[in-house]
Amino acid sequence: MSTLRMAAVAAEFGRDLEEDFAVAERLIKEARAEGVRLLALPEACLGGYLLSLDNDTELDAGPPALALDGPEIRRLAALAGELTVVAGYCEAGTDGRRYNSVVCVNGDGVLGNHRKVHQPLSEDASYASGDRFHAFDTPVGRIGMLICYDKAFPESARALALDGAEIGVVVSAWPGARTNATPDLVNDRWKRRFDLFDRARALENQIVWVSSNQSGTFGSLRFVGSAKVVDPGGEILADTGVGAGLAIAELDVAQALETARRSMGHLRDRRPETYTYAGAVGA
């Protein structure tokens, strides 16, 4: 039996890149001391997220745009060393546009990169949208990555699973509800949705699910934390709750996938030819 020790982070990050790298370095060291081999940091952990989702782009200049082959990503890779680390950042595209992106690195460099496809509320005022989902091989297994609102769409995670992803890693800056906010985030309805999406995406695709999130506050946003690791049956193995921390779980990924899919294989039993609706174009 070969097990993988993995961790999802709930932590607070802001605009100051040096402070962000200090937090990331501390978390990587903590994970390494715990024997973790796969670590997921949150969306926008290098440079912070947006101060608001109310289409107010005058609040500040936004996060710094970093090149995928630039010094900041190389610095992250050096910190990762033998760990496989996933982290969100604002990507400076070679097309001159900015993307809300997530990168997977280890000491050898970049293993994979994903640009957020689904943009909530006014996020499209600050970022261009990605256009694909794909899985890729890493030293800890075949991984697929999503960012925050991407996980609200079943097709996103299903595309990763069909591309052979054994582990789905979703990084988020998921806030609490914008209206009728509850003082206690434990009871927040947007937190409930966050948790439901995590469990559903793991269960319906029968893959391991590692979900990180920002915690604390940034601008007008109050994040729900709730980083977690979910098994292919949709059961939560570890969870930070609404505070900051590391959700750490150890699992034999191959065995867990085999066990989950043995009787009812959701990917195997698909009937794609029936998934149409009246008026569907190109169905």
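Residues numbered from 1 in each chain as written. Predicted model: local features only at pLDDT ≥ 70, side-chain atom pairs only at ≥ 80, totals over all residues. Heavy atoms only, no water.

**Examining helix α2 (residues 71-80)**
- Those residues of α2 that sit buried are Ile73, Leu76, Ala77 and Ala80. Across the axial projection of α2, the buried residues extend over an arc of 100°, all falling on one side. Among the exposed residues of α2, those oriented more than 90 degrees off its buried face are Pro71, Arg74 and Ala78.
- Check the buried side of α2 and you find it contacts α1 (17-33), β4 (84-92), β5 (98-106) and β6 (109-115).
- Glycine 81 sits one or two residues past α2 and shows a positive phi near 60°. (Buried < 20%, exposed > 50% of the residue type's maximum accessible area, 1.4 Å probe, protein only. Helix = DSSP H or I, 4+ residues; strand = E, 2+ residues; numbered from the N terminus. Arc of directions from axis to C-beta. Contact = heavy atoms within 4.5 Å.)

**A few points about the pairing of strand β9 (residues 167-172)**
- Counting buried positions along β9 gives six out of six residues, so the element sits mostly inside the fold.
- By the alternation rule, side chains of β9 split into Ile167, Val169 and Val171 and Gly168, Val170 and Ser172, which are all buried.
- Bridge count for strand β8 (residues 141-147) against β9 is five bridges, and the pairing is parallel. Across the sheet, residue isoleucine 147 finds its bridge partner in β9, namely valine 171.
- Pairing analysis gives six bridges linking β9 to strand β10 (residues 208-214), with the strands arranged parallel. Residue pairing across strands places valine 170 opposite serine 211, the latter belonging to β10.
- Crossover connection from β9 via helix α4 (residues 189-205) to parallel β10: handedness right-handed. (Pairing = 2+ DSSP bridges. Right-handed = clockwise from strand over helix to strand, strands pointing away.)

**Quick notes on the pairing of β6**
- In this structure, β5 lies alongside β6, joined through six bridges in antiparallel fashion. Within β6, the residue paired with cysteine 104 across the bridge is glycine 112.
- Hairpin connection between β5 and β6: a loop of two residues separates the two successive antiparallel strands.

**As for the state of the cysteines**
- Under the defined criterion, the tally for this structure stands at zero disulfides.
- Among the cysteines around cysteine 45, which has no disulfide bond, cysteine 90 carries the closest sulfur, lying 12 Å off.
- Unpaired in this structure, cysteine 104 has its nearest cysteine sulfur neighbour in cysteine 45, at a distance of 12 Å. (Disulfide = S-S within 2.5 Å.)

**Some words on the packing of aromatic side chains**
- Going through the model one piece at a time under the given rule, you end up with three aromatic pairs.
- Ring centres 5.0 Å apart and planes at 80° place the aromatic pair tyrosine 149 and phenylalanine 153 in the edge-to-face group.
- A residue is classified by how much of its surface remains accessible, and tyrosine 149, at 31% relative accessible area, is partly exposed.
- With 5.3 Å between their ring centres and 70° between their planes, tryptophan 174 and phenylalanine 194 make a pair best called edge-to-face. Remark: phenylalanine 194 occurs in helix α4 and tryptophan 174 occurs in the loop between β9 and α4; sequence separation between them is 20 residues.
- A relative accessible area of 8% means that tryptophan 174 is categorised as buried.
- Over the ring of tyrosine 99 we find arginine 115, and its NZ or CZ is 3.8 Å from the ring centre. (Phe/Tyr/Trp six-rings, centres within 6.5 Å; stacked < 30°, edge-to-face > 60°. Lys NZ or Arg CZ within 6 Å of the ring centre and 35° of its normal.)

**A look at helix α3 (residues 154-162)**
- Looking at α3, one finds that the buried residues are Ser156, Ala157, Leu160 and Ala161. For α3, the angular spread of buried residues about the axis comes to 130°, placing them on one side.
- Taken from the residues just after α3, glycine 164 is the one with a positive phi, measuring 90°.

**Focus on the nonpolar core**
- With 35 residues, the main nonpolar core has Met6, Leu38, Val86, Ile143, Ile167, Val169 and Val210 as its most contacted residues.
- Counting 28 residues, the second largest nonpolar core, distinct from the first, contains Phe13, Ala24, Leu46 and Ala80. (Core = buried A, V, L, I, M, F, W, Y, C linked by side-chain atoms within 4.5 Å.)

**A closer look at unusual backbone geometry**
- Look at alanine 44: it is not a glycine, yet its phi comes out positive at around 55°.
- The topology assignment puts alanine 44 in the loop between β2 (38-40) and β3 (65-66).

**Observations concerning the packing of α1 against α2**
- Closest axis-to-axis distance for the α1/α2 pair is 10 Å, and the angle between their directions is 20°. Relative to α2, α1 is oriented roughly parallel. The two elements α1 and α2 cross, and the hand of that crossing is right-handed. Judged by residue contacts, Leu17, Glu18, Phe21, Glu25, Ile28 and Arg32 of α1 engage Glu72, Arg75, Leu76, Leu79 and Ala80 from α2.
- Of the residues contributing to the contact of α1 with α2, the split by class is six nonpolar, no polar and five charged. (Axes fitted to C-alpha atoms, helices over the stretch in contact; angles between N-to-C directions. Parallel < 35°, antiparallel > 145°, perpendicular 65-115°, else oblique. Left-handed = near helix turned anticlockwise from the far one by under 90°. Nonpolar A, V, L, I, M, F, W, Y, C, P; charged D, E, K, R; others polar.)

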